[in-house]
Amino acid sequence: MPVLVVKDGPGPGTQVPAQLQRIPIPLLSPTSDCTGKTVKGRVVHKGPLVSMGEDNYVLKTVIQEEDSQQNMSPEHSSINIILFGALAKDYSESVSQGDMLLVTGFTVGNSPTAQKDKLHACNLQLAGDDAWMYVWPSTVSPRASVPRKRTSPASTEVTKAVKVVKYTYVPLSDLKPGVVVNVYAVVTFFKQPFRTKGTDYCSTLKITDQSNKKVGCTIFCDKLEEHPKIFKMGDVIRLHRVKTQLFNGAISLLTSHGFSVVTFDGMVGSPVVPRTSSGSFKFGEEDCQVVEALRTWAANQSLVPAEPCVPLSAVQPKTYFDLTCQLLATAPVDSSCTLLKVWDGSKCPHPLLDVFVEPNTLEGSPTLSKDMANLTANVLVYDNHVEVARQFKPGSYLRIYNLHAVPGASRLPSNDSGQSDQTGHLGFHLHGGTSYGRGLRVLPEDSPDILDLKRILETFSESDINDSSMFEVWSTPPESFERTCDHTVEQVSLAEVKSRGPPQVFHVQAQLKSYQPQRLYQSLKLFCHKCKTIRDVPDDVTVGGLFSEAQKDIGPCNNGYWTLVLPLPRELPSESPSRTLTLLMSSQLMGKGKAKELIFLKGATLEETCRIASAYSNIVPVTSPQGTMTPLDLSAPFLFRGTKRYYGCKQCSQLKVGESLGEGVEVWDEKSVADALGVQLLQYGLLMKLELQDGTGSLEALLWRDAESFFHVSAEDAAADQEAQDRVQETMDRLCPPGSSTAERPWMDLCLSAYTVEENGQRRACYQICHTDTRGTNPHTHPYAAPSDT
DNA sequence: GATTAGGGTTAG
């Protein structure tokens, strides 16, 4: 008998073993050693006895320490106690609110309700033969205890008016065929609702409970919102009015008349929030206890197989996994396929397949920037899942179940001509069917997993630097910058650099403390040598829009060029009827047999332009607003060469496309094409701000003019090629490993050019890293001692 | 008012 009622005596002493040592409640923590310890307090709340099957009970109670010496607020001296098994039943029968209680043989856990009830962050759990409790009955009529539900109206009315429907829940092991029951269980397998051949949607589940019996469950319901909202294995489910049935020799559960369902997150400690669409379901304190008991039980059962949820950064090719992500954009592909562009804020180590779609068929805005950072996953959703996926709105949060990571599948069904080579790039397929729970659903924004995801995604907008202001502040350094340092200059500390001031070139040894932008694709810039302005590389949506705009010009083009007009077959019924694609070639080049070296293209989409550019050396997209051929708005690339795109300066270009083209040009490359068209070519560059440190201080330095040699990457390659971008990332990861401490970062030999910038009449010193090669970063100990980590 | 499905990879 684990509950000992101490009939007389004012406090513990005679019957409580003397060797037991009491712990004040405020001092309890999950790491407390509870062996031989006791906790004492007055019962301020006693919950109902909840039956979980034969001899299986749970009861929650709260005790408050009255003589707490810790002088703490009352919430820290009140603690939840969860009683299990026979102890719960004994307690229910022999203890009342107001009694004094002393417990021993407990374990301390985190209280899942601490947020809600504002009580102690821990709870005490009592179960099994080791748990004992001593009770001193209250002298002030404890049996006429305070009504449990404080919000109840006058008690006489309650007993008359309210028919309390008491639900009893049957353990799964006790199910008999042919009856209607209520059950509480943990979900071990589930399929999102799918259309049946009949009139309903069907959810297929497998559930289990403390009886360890696994039971299949089939839910038919014509309304999707009335299906169980199950997000992951381990979720807790409450089913009311389900029918038992014998199928293949085993009991299974089936919806019956008046069926209802509520689900809960299965994680121990997460808030017990019922997920339901029903406005009138019953849910009380007892349900909380049952949910918490199931969670605690399931946590020790390894019911859920290896974590199926995998971030993009951990995806292995050829595997199936569940993805939790945000939807960026959708695009219908054909009647049995829809494209979802998604991200989860993590970078996939494998190059991701880029699926090109017409910007005008795309809903939402995937930026090329994100694609460039290898953050955007393209998910092709097939067959039965299309109906669900087409209702998703960009911005919503999704979980995609049993997604297939497929390397090298680089073509859309309708897209059979040569795209840029993406062999080995990872594409994601949600195949048709529902095997292995294949499917997808929107997750509510307040679910725990989505809150985590949001925190990750938010870091992507927080620290975006304003590039133009950064560059204006730093400006282009004056001639002092041209002085070189071959590391023969005397090495100085950062403090000395600051005190000596510009103009000067310094040789320093330093570590990287931080850098901006964190998203390296944002460091990619376009620079005009003539007007010295710098601009961002536009994303595909912007560029695609300019192409769509130019397509509206369907007028003729009379300029003496050799012209080939190709009518395009209609791929979609909605497409405007007579779209044509016009190839124009210089008659002059024709005469020299070099016509194919420079092709002007009118009426093409961005995607078509890219495809054609992969087959011809120089493609110039054009339009002819007044019948005269001219390049597109210079926000768009004026030239496509293979996978590379070249831009012109809007300010400094003076466009000319005459009949005589490129007199004397031998080789057509971006420079000669720009010259021939009167375009002032923009140069790709990498712009970053590095915060350096040594033992003497820290200093911000710009990396711009010599960024390419710093990274051993051409910015132009980085704009077109994921591998080149990866090399930049690898360098930064080497200099500043994610999560690393100062001591772990290598020392760099750097040259700093110090110069003066005037800003609002104020002169200030600025620094730029020059002539520095990061391949030889120096791991040795530095003469200026280890800098502090602050 | 009965029926649907009854877990166990597409093959794009």
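These numbers were taken from a predicted model, which means no experiment stands behind them.

S.K.: Break down the nonpolar core for me, with residues and values.
M.R.: Ranked by size, the top nonpolar core spans 60 residues in total, and within it Leu512, Leu690, Leu692, Phe710, Phe711 and Leu752 carry the most contacts. Considering each element in turn, this core owes the most residues, five residues, to strand β25 (residues 504-516). If near-sequence neighbours (up to four positions away) are discounted, Phe711 is found in contact with Leu686, Met688, Leu703, Val728, Thr731 and Met732. One finds Val183, Ile207, Ile237 and Phe460 within the second-largest nonpolar core, a separate group that totals 32 residues.

S.K.: Any chance you could break down the protein's contact with DNA strand B for me, citing the residues and the numbers?
M.R.: Surveying the vicinity of DNA strand B reveals 27 residues, the closest of which are Gln245, Asn402, His431, Gly432 and Arg438. Here the atoms of DNA strand B within 4 Å of the protein split so that 31% fall in sugar or phosphate, with bases taking the remainder. Between DNA strand B and the protein, one listed contact pairs a base nitrogen with a side-chain N or O atom of Asp383 at 2.8 Å. Separating a base oxygen of DNA strand B from a backbone N or O atom of Gly432 is a distance of 2.7 Å. A total of three residues in the surface near DNA strand B trace back to one element, the largest contributor, which is strand β13 (residues 201-208). Its residues assigned to classes, the surface near DNA strand B shows nine nonpolar, 12 polar and six charged.

S.K.: Report on the pairing of β13, specifying residues and quantitative values.
M.R.: Within β13, six of the eight residues are buried, which leaves it mostly tucked inside the rest of the structure. The pairing of strand β11 (residues 180-190) with β13 spans four bridges and is classified as antiparallel. Note that in β13 the partner of Val186 across the bridge is Thr208. By the bridge criterion, two bridges tie strand β12 (residues 194-195) to β13 in an arrangement that is antiparallel. Bridged to Phe194 within β13 is Cys202.

S.K.: Hey, could you go over a nonpolar patch on the surface for me, with residue numbers and the actual values?
M.R.: Among the surface-exposed residues, Trp562, Leu564, Leu566 and Met590 lie close enough to one another that they form a single nonpolar patch of about 320 Å² accessible area. Residue contributions to the nonpolar patch peak at three residues, all from strand β28 (residues 562-567). The topology assignment puts Met590 in helix α12 (residues 587-591). Look at Met590 and you get partly exposed, because its relative accessible area is 32%.

S.K.: Could you give an account of the sheet that holds strand β27 (residues 534-536), naming the residues involved and the relevant values?
M.R.: Judged by pairing direction, the sheet is antiparallel, and its three strands sit side by side in the order β27-β26-β35 without closing on themselves. Lying at the two open borders of the sheet, with one neighbouring strand each, are β27 and β35 (683-686). Mean inter-strand twist for the sheet, computed between neighbouring axes without regard to direction, equals 40 degrees. Note: strand β26 (residues 524-527) against β35, four bridges, orientation antiparallel. Paired with Leu524 across the bridge in β35 is Leu686.

Criteria and cut-off values
Residues numbered from 1 in each chain as written. Chains lettered and ligands numbered in written order. Predicted model: local features only at pLDDT ≥ 70, side-chain atom pairs only at ≥ 80, totals over all residues. Heavy atoms only, no water. Core = buried A, V, L, I, M, F, W, Y, C linked by side-chain atoms within 4.5 Å. Buried < 20%, exposed > 50% of the residue type's maximum accessible area, 1.4 Å probe, protein only. Helix = DSSP H or I, 4+ residues; strand = E, 2+ residues; numbered from the N terminus. Contact = heavy atoms within 4.5 Å. Near = heavy atom within 4 Å. Polar contact = N/O pair within 3.5 Å; in protein donor to acceptor, adjacent residues only side chain to side chain. Nonpolar A, V, L, I, M, F, W, Y, C, P; charged D, E, K, R; others polar. Pairing = 2+ DSSP bridges. Patch = residues over 30% accessible without salt bridge, like charges linked within 9 Å, V, L, I, M, F, W, Y side chains within 5 Å. Areas by Shrake-Rupley, 256 points an atom, 1.4 Å probe, with all protein chains shown as cover. Salt bridge = Lys/Arg side-chain N within 4 Å of Asp/Glu carboxyl O. Axes fitted to C-alpha atoms, helices over the stretch in contact; angles between N-to-C directions.

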